[in-house]
Amino acid sequence: PAPPEENVVQSAIWMTQVKLLFPYIEKIRQELLEKYRQGIERLLPHENSLGECITDYHDVEYGLLCHLSKDHGLDMGGNQIDQQKLRMGHNVRNHLAHIDCLTLDEIKQIFGY
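The rules behind the values
Residues numbered from 1 in each chain as written. Predicted model: local features only at pLDDT ≥ 70, side-chain atom pairs only at ≥ 80, totals over all residues. Heavy atoms only, no water. Helix = DSSP H or I, 4+ residues; strand = E, 2+ residues; numbered from the N terminus. Expected span 1.5 Å × (residues − 1). Contact = heavy atoms within 4.5 Å. Buried < 20%, exposed > 50% of the residue type's maximum accessible area, 1.4 Å probe, protein only. Polar contact = N/O pair within 3.5 Å; in protein donor to acceptor, adjacent residues only side chain to side chain. Disulfide = S-S within 2.5 Å.

**Some thoughts on helix α1 (residues 6-35)**
In this model α1 runs 42 Å from its N-terminal to its C-terminal C-alpha over 30 residues, within 8% of the 44 Å that 1.5 Å per residue would give. The secondary structure elements touched by the buried residues of α1 are α2 (37-42), α3 (62-71), α4 (80-97) and α5 (104-110).

**Some words on α4**
Here α4 spans 25 Å end to end across 18 residues, near enough to the 26 Å set by a 1.5 Å rise per residue. Among all positions in α4, only D82, L86, M88, G89, V92, H95 and L96 are buried. Of the surrounding elements, those touching the buried residues of α4 are α1, α3 and α5. A distance of 3.1 Å separates the backbone nitrogen of I81 from a side-chain oxygen at the start of α4, and that oxygen is part of N79.

**Details of the side chain of D82**
In this fold, D82 is placed in helix α4. Polar contacts involving the side chain of D82 include one to the side chain of K35, which spans 2.8 Å. Residue contacts for D82: discarding those within four places in its chain leaves L32, K35, Y36 and M76.

**Some remarks on the state of the cysteines**
Here a disulfide denotes a covalent bond joining the sulfur atom of one cysteine to the sulfur atom of another. Applying the stated criterion across every chain yields a total of zero disulfides. A disulfide-free cysteine, C53 has its sulfur positioned 20 Å from the sulfur of C66, the nearest such atom. Assessed through its relative accessible area of 53%, C53 is described here as exposed.

**As for the side chain of H95**
Mapping H95 onto the fold places it in helix α4. According to the relative accessible area criterion, H95 is buried, its value standing at 18%. In this structure H95 touches D100, C101, L102 and E106, once residues within four positions along its chain are discounted.

Here it is in structure tokens:
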């Protein structure tokens, strides 16, 4: 049989990455929210990029979390590992949400290989 078309293969790769990576980055987001809960709550309510008023720290998504960290003084105590997790999670979320597959090197970096 003929090999599948490239778009079929790319779609299968993307769906697999979504199934494996979204739960992983969601777990990281939840950990960051809990660790920095007090600081996040001090900055709420805050509008997200869609103009929605976020009042519960559980509803703070990666984009808003990055924004709070960069522009509104969310103190992460200079924790470089947590800041790296935040950037990585935001990057992975954006790639996958825009139907963009991650490379093998990017996936290795996510899992620390």
